[in-house]
Amino acid sequence: MRAAPRRAVLALVLVAFALVSGGWGWSDRSASSERSASSPPRTGALQEVAPPGAVQELNERLLERVPLVEIVAPADQTMLSAGEWNLKLRLRDWPLADAGSLGLGPHLVVQLDDEPALRISSPEAAANVVMPELRPGSHRLTVYAARPWGEAVKAPGASQQIRLHRVARNAAALPASGSPQLIVASPDALQQSEPVLIDWLLLDGPLQHLRDNDASWRLRVSVNGDSFLVDRQTPLWLKGFQRGSNAVQLELLDGRGDPLNPPFNSLVREVVIGSGARPAWQASQLSPRDLALLSGETPLSEPAAESTPEPAPEPATAPEPAPAAVLPAPEPTPVPAPEDRKSTRLNS
């Protein structure tokens, strides 16, 4: 009879201990992982900041757009011949713009494997993109709509991927079909000053956050050895980079923290701070003209050539009257001298 009360007291003690300690060991590790993944920790020099004011203004202008990207040619799984080949794209509900000295407006990104991105900023260029010869083997070609600062649009239909081959197929060079793929959108050459955008596309990534503890992927971001985890596909703006070269590594992990679908989902990028002019979209505010140009609402037109104004015609003046004719004065009749008059009388 006394054993039952002892067991009840022991159970109450265990429950109280669990509550005070924050739960059992597994739950505690899971909660800690979720907290660390919710946003970058402010460790070391890194700090997450709000997007620049100009980025927020442009986002509002582009918010209602729902881009639809289509790779018209070549078809998926095409075996290409040697030499250059043509990529034909079709795009709906997304402007393509080049704002001149302000930088690119909304554009398309063509990503072949892990090569440097090709950015398309005009409908004419998108209709027929001349691509260099492929190396022998198999390749991934990803096309997606991007905002002026390089952020990938993550709406359904805003990206498409095909697989291409030359000479022979090489399945080992490609991730398995339907498996998660990490496509790094930023940092890229557009990021040369702070804050730096960290952004990516996750293709065929499993859904999560539908219920508690259903995490199936994490992204580990490392900047100069300082790392943090994120578990949501949202862009990050970071400060704390050093001037000059910075190493940025993005690694896709599974729910346990192990590499997910290696080696395709671990990429390193270099960010060189101070290597170029500060882009217009990093300003705190844009003028109405610049906002229209960078959002693609107003096309950039060449300034009209300055023409030299024609001189105003001189007022008409009445013609001057012709000068009156001057008649010569009559010559005077000579008057004879006195001597001449005397001789005249004598002769008479």
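What this report covers is the structure whose coordinates are included nearby. (Residues numbered from 1 in each chain as written. Predicted model: local features only at pLDDT ≥ 70, side-chain atom pairs only at ≥ 80, totals over all residues. Heavy atoms only, no water.)

**What about the sheet that holds strand S5 (residues 107-112)?**
Move 1: Strand order in the open sheet made by the five strands is S3-S9-S8-S5-S6, with mixed pairing throughout. Edge positions in the sheet fall to strand S3 (78-80) and strand S6 (118-120), since each has one partner strand and no second. Neighbouring strand axes in the sheet, compared pairwise and without regard to direction, differ in orientation by 30 degrees on average.
Move 2: In terms of strand pairing, S3 meets strand S9 (residues 159-166) through three bridges, oriented parallel. Looking at S9, one finds that Leu 80 is bridged to Arg 166. (Pairing = 2+ DSSP bridges. Helix = DSSP H or I, 4+ residues; strand = E, 2+ residues; numbered from the N terminus. Axes fitted to C-alpha atoms, helices over the stretch in contact; angles between N-to-C directions.)

**Topic: the pairing of strand S15 (residues 244-254)**
Move 1: Relative to S15, strand S12 (residues 217-223) runs antiparallel, the two being bridged by seven bridges. By the bridge assignment for S15, Val 221 is matched with Leu 250.

**Some details on empty space enclosed by the protein**
Move 1: One pass over the structure, following the stated rule, counts one cavity of 30 Å³ or more.
Move 2: By volume, the largest cavity amounts to about 50 Å³.
Move 3: Put simply, the parts of the chain that give the lining of the largest cavity at least two residues each are strand S10 (181-186) and strand S16 (266-273).
Move 4: Tallying contributions element by element places S10 first for the lining of the largest cavity, with three residues. (1 Å grid on protein atoms, 1.4 Å probe; cavity = no way out; pocket = protein on both sides within 12 Å on 5 of 7 lines; lining within 4 Å. Points joined across faces, edges and corners; volume = space filled by probe spheres on them.)

**Observations concerning unusual backbone geometry**
Move 1: With an omega of 0 degrees, the peptide bond between Ala 73 and Pro 74 qualifies as cis.
Move 2: Checked against the element boundaries, Pro 74 lands in the loop between strand S2 (68-73) and S3.
Move 3: With an omega of -5 degrees, the peptide bond running from Glu 194 to Pro 195 counts as cis.
Move 4: Even without being glycine, Asp 113 reaches a positive phi, approximately 50 degrees.
Move 5: For Asp 113, the location among the structural elements is in the loop between S5 and S6.
Move 6: A relative accessible area of 16% places Asp 113 in the buried class.
Move 7: With a phi close to 70 degrees, Val 167 is a non-glycine residue in the positive phi region.
Move 8: With respect to the helices and strands, Val 167 occurs in the loop between S9 and S10.
Move 9: When its relative accessible area of 60% is taken as the criterion, Val 167 is described as exposed. (Buried < 20%, exposed > 50% of the residue type's maximum accessible area, 1.4 Å probe, protein only.)

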